[in-house]
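Spelled out from the first residue to the last, the chains are:
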Amino acid sequence: MAEALISLLLEQLASIVFEHTKQAVTIVLNAEEDVHSFSSNLKAIQAVLEDAEKKQVTEARVRDWLQKLKDVSYEMEDVLDEWNTEILKQQVEEGKKKVCFPTPANCFCFGQVNKAIHHHNIARSIKNLNEKLTMIVAEKEKHDFHLSTIRCTDEHLIQRQKTSSLVDISTIFGREEEKEYLLSKLLRESNQDGGRFLVIPIVGMGGMGKTTLAQLAYNNEKVKSHFHKKVWVCVSDPFDEIKIAKAIIENLDKNESQRNSDELETLLLCIKTHVEKKKFLLVLDDVWTEDKTKWESLKLSVIMQSCEEGSTILVTTRKQGVAEMMRATSSMIHLDKLSDRDCLGLFNSIAFFERQEDEANGFGAIGEEIVKKCKGLPLAAKTLGSLVWYKKTREEWRDVLNSKIWELEEVEEQVFQPLLLSYYDLAPTVKRCLLYCAIFPKDYELGKDNLIELWMSQDYLNSKGKKEKRRIGQYYFESLSMRSFFQDFRKDEMGNVYGCKMHDIVHDFVQFLTQNECIIIEAVEGVNQRIELSGEKVCHLTLISVPEGPLPTSCHGCKNMRSLILLNSKITTISPSSIMQMKCLRTLNLSGNMLNEVPKEIGELIHLRYMDLSGNEPLKELPDAVCDLYNLQTLVLGWCDKLEKLPKAMGKLINLKHLYVDACNKLRYLPKGIGSLKSLQVLDMFSVCEDDDDEALKLGDLGIMDQLQGSLSIRNLGKDDASEIEKAQLGNKEHLSHLGVYFHDNEDEDVVQKKGDEEILNALQPHQNLESLTIDYCHCPSKSLNWIKSLHNLREVYLFSWKFCELLPPLGKLPSLEILGISGMKKVKKVGVEFVGIEEEEEVSGILFPKLKRLTFYGMENWEEWAFLSEITIMPRLSELRILYCPTLKALPEFLYKITALRTLEIRCCPILEGEYEKGAGKEWHNISHIPNVSITPW
């Protein structure tokens, strides 16, 4: 809706024009009157935006008024951005060494700029826009808007997210009976009707918890062990047989080459090959089609007949007609609305989280009345519970209960009313971030870091203070998560959220609020690719499944378009004329296509902040014109397998914050100019140039980049790089969370111990804030790693293929270590006290490996003995232990038998251990029989 776009935009424009450029505008442009008028108009409009946004739901006249306001605001933003870009260009061309440009608002250094730059055009544009805005202000009086109330700042609305599981346990209130029934059906040994497989539809209206129930069953430990193969596919609408078949194959085997086929028969045969004679569970989430011919074309009944008896298809759908079409009504689970009691339980579990005392202090009675508004819808109860959790007074709770939104009849879904309430309670900046998610299709997995960079590219993360934009984006993401706009969180091994999804209804909701501005078009094979769009209104366009060939002409004519995103597409070319018609672009995502070149006209996209070209395998180089994109913040080039070089003048990209080049295997080096980018925050990969090339960025050039954060991989390290490592000053990179160090490994060379590797390892010494460390192919002993003991925040360590390591490094005293993987240490014969960090004759106290949860040993060919002193407390929290391909290891240490937290033990290709610990027969089996999940296999 409009306030989400306009309010922050006007605030930004006011800041740029009046706080930072007033003197320059009045002197240089001689436009004092227009500036003053524009300022007054902005303030008058801001005062009524909140009321205008609410009225536009029911009043078309207000919608039209807000659209005019947005159009003028976009134009003004473009004028000022063009002005800033000219200033930046002149600074770069004059070789200015000190350029201050963290935000467009802070870089109007007019004393350094030729006064002739665009003065006349800018002055005329401001005058014209002011006239338009004056007319909009006059029209405002016709609508009888109320002045906005004082609102909380973004910081007051932001709270840390406290959820920690993919499926929040609070979302299963009132579904115990359905859950038990579903599990009994899935875990059955045979079908009552004698069939080999069963189809179970879960039917219910939107927001009832169908997908949540399916997830709980899918992730159930008994279900996991019951089925040999499990696949989850989101179907949605339209029902695309080839797309579904490809998704099934990708879940079964990501490396299966036939998944790239477009022949349905080939794909179905491939699926059958993978699941034949295996007990198979297939979940088809969100099925809409009742077309029997489409269902039958997938031939799932034929495929399932080839599976082991007890195989199952689990379907979620809003339509009972789908269950009837599948002839599966006898096993159908119908989810009805929650009872008042269960709905209240769900609401209370969120609303009174960590504030239980409020429930008996007058809030509980108001909550009961609010829950009646939910009408038994779980998603509504969850949304309203999240909303009032932020409300600290009974008066605020009553405002939710008595809101006029409950009287609206124009909203499209029942659950939209609670969502609107929660939406209106967001700060304008957070609203804009939520609405931008309408550019993604349903069930799309949102990458958290990528989403934040996209918000940044649209200037949604500006702050009046000096707070770093990525941190602001993190706060906004957490705020939206806490309010239930995001769900299905994906986490890495250390529990950090890296992705999520939106509920289908939440997706419908944001599209309802952004209709005509955010457009998603899925290409249909054989249909003319020229699609007529409302070019004046479309701001963000997403194209899906565009076939091989040029960029479709549907992109033409969208002159105000700010985002163009292609998903699952295969375009090979972009014409210069296409680029010239999209000159307002801020965000361009062409990842995963088949581009072999990028036209030089890309340099004309002066507003561009984000460009993703990753996964374009044929792409060999970028045009020099890329270096004219002075506003570019994010450049993503990963997985461009044939990319050989980057433009020399990349030092001109003075706003570049994020550069992704991982898995560009033919990229020999990064250009020297990147070394001048002091504000670079993300550089995911640095490969040491093998030749002494003057044009190559040296490792030591990273020394000035103290803002680097996230993950950094340093590859191809060699004998002469110790001094460069010292110059890189990794110890000053306090924001880095993961460091990967990969030494040069040439299998053709004689395997000899390398002193250079030892010197490099000694010189590394990263900052103590580091959380994850990987070191591969090191040709020196582990004593060079003694500095690791000072990394008190280290949570994850992987050490691979240290060919001369005879003793493991001292890791036992790392207080935060949770995950440890060691592999390819071929000279290690014994793991003893040196591993836990105990010196000879040292008195032992405290706990060693106090937080270690997951431990893996792999490929330790000569490892024979694992023994510690029995009186030491070691690894009390260890929950998973894997020992793989360790053929000479004779026994497990006794301390392992006493760890009550150990839930999983996997032993594979360890013949001695297999005999000693064979289930029911090995003489040591009794020592591990209490562990719930034990797997001992010879392969």
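Anything mentioned here points back to the structure above.
Residues numbered from 1 in each chain as written. Predicted model: local features only at pLDDT ≥ 70, side-chain atom pairs only at ≥ 80, totals over all residues. Heavy atoms only, no water.

To continue, consider the sheet that holds strand β22 (residues 772-776). Pairing within the open sheet is parallel, and its 10 strands lie in the order β19-β20-β21-β22-β23-β24-β27-β30-β31-β32. The sheet terminates laterally at β19 (685-687) and β32 (933-937), the two strands that pair on one side only. This sheet shows a mean twist of 5 degrees between the axes of neighbouring strands, independent of strand direction. With five bridges joining them, strand β24 (residues 819-823) and strand β27 (residues 854-858) adopt parallel strand pairing. Within β27, the position partnered with I822 by the bridge is F857. Its contacts with the sheet place helix α27 (residues 755-764) against β20 (710-717), β21 (736-743) and β22, and it is angled at close to 175 degrees to β21. (Pairing = 2+ DSSP bridges. Helix = DSSP H or I, 4+ residues; strand = E, 2+ residues; numbered from the N terminus. Axes fitted to C-alpha atoms, helices over the stretch in contact; angles between N-to-C directions. Contact = heavy atoms within 4.5 Å.)

With that out of the way, let us pick up the packing of helix α21 (residues 428-436) against helix α23 (residues 469-482). It is at 10 Å that the axes of α21 and α23 come closest, and there the two elements cross at 75 degrees. Overall, the two elements α21 and α23 adopt an arrangement that is roughly perpendicular. Between α21 and α23, the contacting residues are T429, V430, C433 and L434 on the first element and Y476, S479 and L480 on the second. For the contact of α21 with α23, the residue count by class is five nonpolar, two polar and no charged. (Parallel < 35°, antiparallel > 145°, perpendicular 65-115°, else oblique. Nonpolar A, V, L, I, M, F, W, Y, C, P; charged D, E, K, R; others polar.)

Let us now look at the side chain of D757. Within the fold, D757 resides in helix α27. You can call D757 buried: its relative accessible area is 2%. Of the polar contacts made by the side chain of D757, one reaches the backbone nitrogen of H779; its length is 2.9 Å. (Buried < 20%, exposed > 50% of the residue type's maximum accessible area, 1.4 Å probe, protein only. Polar contact = N/O pair within 3.5 Å; in protein donor to acceptor, adjacent residues only side chain to side chain.)

Here the focus is the sheet that holds strand β3 (residues 280-287). Spatial ordering of the open sheet is given by β2-β3-β4-β1-β5, a layout of five strands whose pairing is parallel. Strands at the two margins of the open sheet, each flanked by one partner only, are β2 (229-236) and β5 (333-334). Sheet analysis places β3 next to strand β4 (residues 311-317), joined by five bridges and oriented parallel. Its bridge partner being in β4, L281 is matched across the sheet by T312. Packed on one face of the sheet, helix α11 (residues 241-252) meets β2 and β3 and runs near 150 degrees to β2.

Our focus in this paragraph is the packing of helix α18 (residues 378-389) against helix α20 (residues 416-424). Relative placement of two packed helices is described by the angle separating their axes and the distance separating the axes. In contact at an axis separation of 9 Å, α18 and α20 are set at 20 degrees when each is read in the N-to-C sense. Relative to α20, α18 is oriented roughly parallel. In the crossing of α18 with α20, the sense of the turn from one axis to the other is left-handed. Two secondary-structure elements touch here, α18 through A380, T383, L384 and L387 and α20 through P418, L419, L421 and S422. Of the residues contributing to the contact of α18 with α20, the split by class is six nonpolar, two polar and no charged. (Left-handed = near helix turned anticlockwise from the far one by under 90°.)

Below, the discussion takes up helix α12 (residues 264-275). End to end, α12 covers 17 Å across 12 residues, agreeing with the expected 16 Å (1.5 Å per residue, within 8%). Restricting attention to buried positions, one finds in α12 the residues L264, L267, L268, C270, I271, H274 and V275. In an axial view of α12, the angular spread of the buried residues amounts to 155 degrees, which keeps them on one side of the axis. What points out from α12, more than 90 degrees from its buried face, is the exposed set L269 and T273. Buried-residue contacts for α12 involve β2, α11, β3, α13 (292-297) and α14 (300-305). (Expected span 1.5 Å × (residues − 1). Arc of directions from axis to C-beta.)

The tally for this structure, following the rule as stated, stands at 23 aromatic pairs. Centre to centre, the rings of F347 and W397 are 6.2 Å apart; their planes meet at 85 degrees, and the pair counts as edge-to-face. Linking F347 in helix α16 (residues 340-351) with W397 in helix α19 (residues 394-401), this pair joins segments that are 50 residues apart in sequence. The exposure classification of F347 matches that of W397, with both residues buried. When the ring of W863 is compared with that of W866, the centres are 5.5 Å apart and the planes differ by 50 degrees; the resulting orientation is tilted. There is no split in this pair, since W863 and W866 are both buried. (Phe/Tyr/Trp six-rings, centres within 6.5 Å; stacked < 30°, edge-to-face > 60°.)

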